[in-house]
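Understanding the architecture of this molecule
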Amino acid sequence: TKLSLATLKDIAATASVPAYERGGLAAGIVHFGVGNFHRAHQAVYLDDLFNLGLDHDWAIVGAGVLPSDAAMRDKLAGQDFLTTVVEQDNNRSGARVTGAMIGYLAPGNAAATVARLADPAIRIVSLTITEGGYFIDPASGVFDPTHPAIAADAANPGDPKTVFGLILAGLSARRDKGIAPYTVMSCDNIPHNGKVTRAAVSGLARLSDPALADWIEANVAFPNGMVDRITPATGPREIAIAADDYGIDDAWPVFCEEFKQWVLEDHFPQGRPALEKAGVQFVPDVAPYEHMKIRILNGGHAAIAYPAALLDIHFVHEAMEDVDIRAFLAKLEREEIIPVIPPVPDTDLNDYFALIERRFLNPKIADTIPRLAQDGSNRQPKFILPSTADRLSRGEDVVGLSLVSALWCHYLAGKTDSGKDIAFNDPNIDRIRAAATAAKGDPGAFLELRDIFGTVAGSDLFRKRFAHALECLQREGTRATLRRYLENRL
Ligand code: NAD
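All values reported here derive from a predicted model rather than from experimental measurement. (Residues numbered from 1 in each chain as written. Predicted model: local features only at pLDDT ≥ 70, side-chain atom pairs only at ≥ 80, totals over all residues. Heavy atoms only, no water.)

**A few points about the overall build of the protein chain**
- A count of helical and extended segments in the protein chain gives 21 helices and eleven strands.
- Computed over its C-alpha atoms, the radius of gyration of the protein chain comes to 24 Å, within 12% of the 23 Å expected for a compact globule of 490 residues.
- Seen along its three principal axes, the alpha-carbon backbone of the protein chain occupies a region of about 65 × 55 × 40 Å.
- Buried positions account for 56% of the 490 residues belonging to the protein chain.
- In the structure as shown, the protein chain presents an accessible area of about 19200 Å², 53% of it carried by carbon and sulfur atoms.
- Measuring between centres, the 49 positive side-chain charges of the protein chain sit 2 Å from its 63 negative side-chain charges. (Helix = DSSP H or I, 4+ residues; strand = E, 2+ residues; numbered from the N terminus. Rg over C-alpha atoms; globule rule 2.2 N^0.38 Å. Buried < 20%, exposed > 50% of the residue type's maximum accessible area, 1.4 Å probe, protein only. Areas by Shrake-Rupley, 256 points an atom, 1.4 Å probe, with all protein chains shown as cover. Lys, Arg positive; Asp, Glu negative; His and termini not counted. Charge placed at Lys NZ, Arg CZ, Asp CG, Glu CD.)

Shown next as structure tokens:
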């Protein structure tokens, strides 16, 4: 059955459908970046809230700036902006149709987008535009006002092309008309995403209108949030499953795990939907939650990626089914990572890790080891080395964390344990591979990547542990080294 408002009654036989009248919804949110994650996360929380009969004046209007967004808009418009969301637990799947989105502004039409942003009914502008969408300079880690796209919007604020140019034009129009500004809510996977978004919006304003920048800093809220739900990309396989298993002809369904989490700072001067009734946690400070997620979940992914790759394992759930890799992850998290994470309100970190193990074991998600193994030069310093540094500064040992660094180095040497060539995907690959090659006779050579290892490279204990683990990997191979670690013989 072709998905549409008119066919929802038929679709209700195989999937749950909105319990509310779509005609009764009114727009309250403009969302930039209507990709898979938004449709698996924010749009689902709102759909849950609307199903409770609440807050029907907070429906979503989509927006985007890329040419690819126009194609996506057409697909959604062709099905009344409805989305099929297939939620997959380890041994159970279910489909639902969500209806929280009621329109989608034409990408490229700045005038129409700014007019909608200036509408007083819009009280939140939210974003999922990927980490790369924030114009952060990789070297300094802060907003780059010299980026050509930003410079172009600063030179021509009346016809913006970037998300931040549009948000700024909308805020400027509201200030001129005396309409209170909307809250800008980033839902991207970036630590301190609210702060990063504020830096981009006010940084752009400062280039063309410093008084507007001051007004934004004084009046616009940018709450920080931590978001979590593993949501792979949609391909022909997902479209076929929606049709074959649920009888829904959806041009762009979303598949995701059943788990979802959203922790948000409650800073919404123009009001917000009662998302706490749909399971969102409102907290004064999201930093402890971000810390937990980055070190345990992202750090866990970064730890299993290299032993799995070296053992020719392709899927994440297959890595977790390998007894040695699974035990390695558990020992590393329990003995070294979790003990140095500051307490998180109302959360038992061991329970959180048990849930992560279960999520990594989910075979339906089909997440891959090559995806986790890519970009190590960015991921190791964000997800692993801060735990190493914290332990060293407390005088604690780092046997397991040093092994993670050694596994990454051994992987960069280019062959799996069975002798297959490894394909790399890392922006710094030449430099890090050269260091890994030099480490064959001289382990310390890898730690000369000072921008990656930072202060950790100066620790004698870390250098000793790393060198020993790497030599053991080179001499005995990955599995034997993991077993040494598991038996406290490394
Ligand atoms: P996606 O590819 O399905 O969608 C990405 C969206 O961002 C598209 O609408 C695209 O047009 C837009 N976009 C990309 N680059 C942009 C740019 N430079 N300027 C403006 N818009 C841009 O990806 P997704 O799965 O929806 O993930 C998007 C983001 O959501 C991630 O980068 C991450 O920050 C966050 N997230 C994703 C997951 C996940 O498992 N997929 C989990 C947690 C958080």
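**Observations concerning the pairing of strand β9 (residues 254–257)**
- Here β9 shows no split at all, with Val 254 and Cys 256 on one side and Phe 255 and Glu 257 on the other all buried.
- Here strand β3 (residues 83–89) runs beside β9; their pairing, made up of four bridges, is parallel. Counterpart to Val 85 in the pairing with β9 is Val 254. (Pairing = 2+ DSSP bridges.)

**Focus: the site of the ligand**
- Neighbouring the ligand are 20 residues, the closest being Phe 37, Asp 69, Glu 131, Asp 188 and Asn 189.
- The separation between an oxygen atom of the ligand and a polar main-chain atom of Val 34 is 3.4 Å.
- Within the backbone of Thr 128, a nitrogen or oxygen atom sits 3.3 Å from an oxygen atom of the ligand.
- Contact with the protein chains removes 75% of the 820 Å² of surface that the ligand exposes when unbound.
- For the shell around the ligand, the residue count by class is eight nonpolar, eight polar and four charged. (Near = heavy atom within 4 Å. Polar contact = N/O pair within 3.5 Å; in protein donor to acceptor, adjacent residues only side chain to side chain. Nonpolar A, V, L, I, M, F, W, Y, C, P; charged D, E, K, R; others polar.)

**Some points on the nonpolar core**
- Of all hydrophobic cores here, the largest spans 77 residues; its most connected members are Ile 296, Leu 403, Trp 408, Tyr 411, Phe 446 and Phe 453.
- Here the element with the most residues in this core is helix α11 (residues 287–310); it accounts for 13 residues.
- Lining this core are residues from two domains, each supplying at least three of them: domain 1 (5–283) and domain 2 (288–486).
- With sequence-adjacent residues up to four places away left out, Tyr 411 is seen in contact with Tyr 306, Ala 309, Leu 310, Ala 373, Ile 422, Ala 423 and Phe 424.
- With 39 residues, the next largest nonpolar core counts Val 114, Ile 129, Tyr 134 and Val 201 among its residues. (Core = buried A, V, L, I, M, F, W, Y, C linked by side-chain atoms within 4.5 Å. Domains from an automatic or database assignment. Contact = heavy atoms within 4.5 Å.)

**Quick notes on the packing of aromatic side chains**
- Tallied over the entire structure, the rule returns 13 aromatic pairs.
- Considering the side-chain rings of Phe 328 and Tyr 485, the 5.8 Å spacing of their centres and the 75 degrees angle between planes classify their relative orientation as edge-to-face. Taken together, the residues span a long stretch of sequence, with Phe 328 in helix α13 (residues 323–337) and Tyr 485 in helix α21 (residues 478–486) at a distance of 157 residues.
- Consider the rings of Trp 408 and Phe 453, whose centres lie 6.4 Å apart with planes at 45 degrees: the pair is tilted. One end of the pair, Trp 408, is in helix α17 (residues 399–412); the other, Phe 453, is in helix α19 (residues 450–453), with 45 residues separating them in the sequence.
- Residue class for Trp 408 comes out buried when judged on its relative accessible area of 1%.
- The structure contains a cluster of three or more aromatic residues connected by ring pairs, namely Trp 408, Phe 446, Phe 453, Phe 462 and Phe 466. (Phe/Tyr/Trp six-rings, centres within 6.5 Å; stacked < 30°, edge-to-face > 60°.)

**Concerning the domain arrangement of the protein chain**
- As far as domains go, the protein chain holds domain 1 (5–283) and domain 2 (288–486).
- With 26 residues of domain 1 at the contact, the number on the domain 2 side is 15 residues.
- Approximately 1700 Å² of surface area, both sides summed, lies buried where domain 1 meets domain 2, with 52% of it carried by carbon and sulfur atoms.
- Considering only the surface of domain 1 that becomes buried against domain 2, Asn 90, Met 226 and Ile 230 emerge as the three largest contributors, covering 34% of it.
- Seen at the junction of domain 1 and domain 2, the total is three salt bridges.
- One salt bridge connects Arg 359 with Asp 228, and the closest N-O pair in it is separated by 2.9 Å. (Buried area = accessible area lost by both parts, 1.4 Å probe. Salt bridge = Lys/Arg side-chain N within 4 Å of Asp/Glu carboxyl O.)

**Observations concerning the pattern of salt bridges**
- Tallying each qualifying case throughout the model produces 37 salt bridges.
- The partner of Arg 123 in a salt bridge is Asp 57, with the nearest N and O atoms 3.7 Å apart. Of this pair, Arg 123 sits in the loop between α5 (110–117) and β6 (124–127) while Asp 57 sits in the loop between α3 (42–51) and β2 (59–63), and the two are 66 residues apart along the sequence.
- Here Asp 74 and Arg 73 are joined by a salt bridge, their closest N and O atoms 4.0 Å apart.
- Residue Arg 73 is classed as partly exposed on the basis of its relative accessible area, which comes to 24%.
- Residues joined in a network through salt bridges with shared partners are Asp 47, Asp 48, Glu 87, Arg 96, Arg 229 and Lys 260.

**Here's the deal with the sheet that holds β3**
- Spatial strand order, β4-β3-β9: three strands in an open sheet with mixed pairing. Edge positions in the sheet fall to β4 (92–98) and β9, since each of these pairs with one other strand and no more. Between one strand axis and the next, the sheet turns by 25 degrees as a mean value, whatever way the strands run.
- Examined bridge by bridge, β3 and β4 share seven bridges and lie antiparallel to one another. (Axes fitted to C-alpha atoms, helices over the stretch in contact; angles between N-to-C directions.)

**Things to note about the packing of α17 against helix α18 (residues 429–438)**
- The N-to-C vectors of α17 and α18 enclose an angle of 100 degrees; their axes lie 8 Å apart at closest approach. One finds that α17 runs roughly perpendicular with respect to α18. The residues of α18 that touch α17, namely those facing Trp 408, Cys 409 and Leu 412, are Ile 429, Ile 432, Arg 433 and Ala 436.
- For the contact of α17 with α18, the class distribution of residues is six nonpolar, no polar and one charged. (Parallel < 35°, antiparallel > 145°, perpendicular 65-115°, else oblique.)

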